[in-house]
Amino acid sequence: MLTDEQYRQKMQQRKAVQAQRLAERTREKGLIIVHTGNGKGKTTAALGMVLRSLGHGYRVAIIQFIKGAWEPAEKTVLGHWSDQLAFHAMGEGFTWETQDRQRDIACAQAAWELALSYITNPAYRLVLLDEINVALQLDYLNVAEVLEGLARKPEMTHVILTGRGAPQALIDTADLVTEMTLVKHPFREQGVKAQPGIEF
């Protein structure tokens, strides 16, 4: 165990290293951010960034590719920022609910066309494409087409793409990638149903 003086010296060294790192990083740019993996929290983490952006007064767009039929609580709460936020629930529900591949493809493509109008609009600082990775994994959208669209974003626009199964080409292009890892889930291990405030 460190003495108080050893601890103070160690923290001074860490502070100096951190100050040096911060001084060296002066570049700003809009990021392509991917939240993927089988664990819970991909959309939730993205919504945290949405709230931060709204708090800074930025304009934000959210396009939901899959979960749209739920009319989630997030849409209700975020409605308080209707002057800054565009929220579009474009999906008709989970794919096993719709059971109509051609309709799912049409919905995903319509959502992408709408998303592209926000991605290329410099008035929007952040665009969240919720569950787009699932649409890509199921071949509802073409990965190359999505990457071409992301390349058209203004320099300072951030785009977040959520959903399990993000394709490798998207991961390779992204600036920030987080993979949520499932360790335990009460639905699977305990038979606990999805609950308001936690899952939706």
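Residues numbered from 1 in each chain as written. Predicted model: local features only at pLDDT ≥ 70, side-chain atom pairs only at ≥ 80, totals over all residues. Heavy atoms only, no water.

Engineer: So what's going on with the sheet that holds strand β5 (residues 158-162)? Residues and values would help.
Structural biologist: Strands sit in the order β3-β2-β4-β5-β1-β6 across an open sheet of 6 strands; the sheet is parallel. The two strands at the open ends of the sheet, each matched to only one other strand, are β3 (85-89) and β6 (176-179). In this sheet, adjacent strand axes meet at a mean angle of 10° when their direction is disregarded. Bridge count between strand β4 (residues 126-130) and β5: 4 bridges; the pairing is parallel. (Pairing = 2+ DSSP bridges. Helix = DSSP H or I, 4+ residues; strand = E, 2+ residues; numbered from the N terminus. Axes fitted to C-alpha atoms, helices over the stretch in contact; angles between N-to-C directions.)

Engineer: Tell me about the UniProt feature "domain: Cob(I)alamin adenosyltransferase N-terminal" (unreviewed entry) in the protein chain, and please be specific about residues and values.
Structural biologist: The UniProt entry lists residues 3-22 under the feature "domain: Cob(I)alamin adenosyltransferase N-terminal" (unreviewed entry), expressed in the numbering used here. The span residues 3-22 is 95% helix and 0% strand, and its two end C-alpha atoms sit 29 Å from each other. (UniProt positions renumbered as here; feature names shortened; annotations may be inferred.)

Engineer: Hey, could you go over the nonpolar core for me, with residue numbers and the actual values?
Structural biologist: The tendency in soluble globular proteins is for nonpolar side chains to be buried as a group. One finds Phe65, Trp112, Leu129 and Leu161 to be the most contacted residues of the largest nonpolar core, which totals 31 residues. Elements represented by at least two residues in this core include exactly β1 (32-36), β2 (60-64), α5 (101-119), β4, α6 (132-137), α7 (143-150) and β5. Considering each element in turn, this core owes the most residues, 8 residues, to α5. Not counting the four nearest positions on each side in its chain, Phe65 is found in contact with Gly91, Ala108, Ala111, Trp112, Ala115, Leu129, Asp130, Glu131, Ile132, Ala135 and Leu141. (Core = buried A, V, L, I, M, F, W, Y, C linked by side-chain atoms within 4.5 Å. Buried < 20%, exposed > 50% of the residue type's maximum accessible area, 1.4 Å probe, protein only. Contact = heavy atoms within 4.5 Å.)

Engineer: Give me the pattern of salt bridges: which residues, what numbers.
Structural biologist: Throughout the structure, instances matching the rule amount to 3 salt bridges. A salt bridge links Arg25 to Glu24; its shortest N-O distance comes to 3.6 Å. Like Arg25, the residue Glu24 is exposed in the burial classification. (Salt bridge = Lys/Arg side-chain N within 4 Å of Asp/Glu carboxyl O.)

Engineer: Go over unusual backbone geometry, please, and point to the residues and values.
Structural biologist: The phi angle at Glu131 is positive, at roughly 70°, despite the residue not being glycine. Tracing the backbone shows Glu131 in the loop between β4 and α6. A positive phi is found at Asp139, a non-glycine position, where the angle reads about 65°. Within the fold, Asp139 resides in the loop between α6 and α7. Classification of Asp139 as exposed rests on a relative accessible area of 56%.

Engineer: Can you tell me about the side chain of Ser53, naming the residues and giving the values?
Structural biologist: Within the element layout of this structure, Ser53 appears in helix α2 (residues 42-55). Setting aside chain neighbours within four positions, we find Ser53 in contact with Tyr58, Val60, Gln84 and Leu126.

Engineer: An account of the side chain of Lys153 is needed here, citing residue identities and associated values.
Structural biologist: Among the secondary structure elements, Lys153 is positioned in the loop between α7 and β5. No salt bridge is formed by the buried Lys153. Its closest oppositely charged neighbour is Asp175, at 5.9 Å. If we ignore the near neighbours within four places in the chain, the residues touching Lys153 are Gly30, Leu31, Ile32, Ile119 and Val159. (Lys, Arg positive; Asp, Glu negative; His and termini not counted.)

Engineer: Run through the packing of α5 against α7, naming residues and quoting values.
Structural biologist: For the pair α5 and α7, the least separation of the axes is 10 Å and the interaxial angle reads 20°. Taken together, the axis directions place α5 and α7 in an arrangement best described as roughly parallel. Judged by the sense of rotation from one axis to the other, the crossing of α5 with α7 is right-handed. Contact with α5, carried on its side by Trp112, Glu113, Leu116 and Ile119, involves Glu145, Val146, Gly149 and Leu150 of α7 and no other residues of that element. Taken together, the residues of the contact of α5 with α7 break down into 5 nonpolar, 1 polar and 2 charged. (Parallel < 35°, antiparallel > 145°, perpendicular 65-115°, else oblique. Left-handed = near helix turned anticlockwise from the far one by under 90°. Nonpolar A, V, L, I, M, F, W, Y, C, P; charged D, E, K, R; others polar.)

Engineer: Describe the packing of aromatic side chains, naming the residues involved and giving the relevant values.
Structural biologist: Enumeration over the complete set of coordinates arrives at 1 aromatic pair. Here Tyr118 and Tyr124 contribute two aromatic rings whose centre-to-centre distance is 4.9 Å and whose plane-to-plane angle is 80°, an arrangement assigned as edge-to-face. One exposure class covers both Tyr118 and Tyr124, and it is buried. A cation over a ring is seen here: Arg125 above Tyr58, with NZ or CZ 4.3 Å from the ring centre. (Phe/Tyr/Trp six-rings, centres within 6.5 Å; stacked < 30°, edge-to-face > 60°. Lys NZ or Arg CZ within 6 Å of the ring centre and 35° of its normal.)

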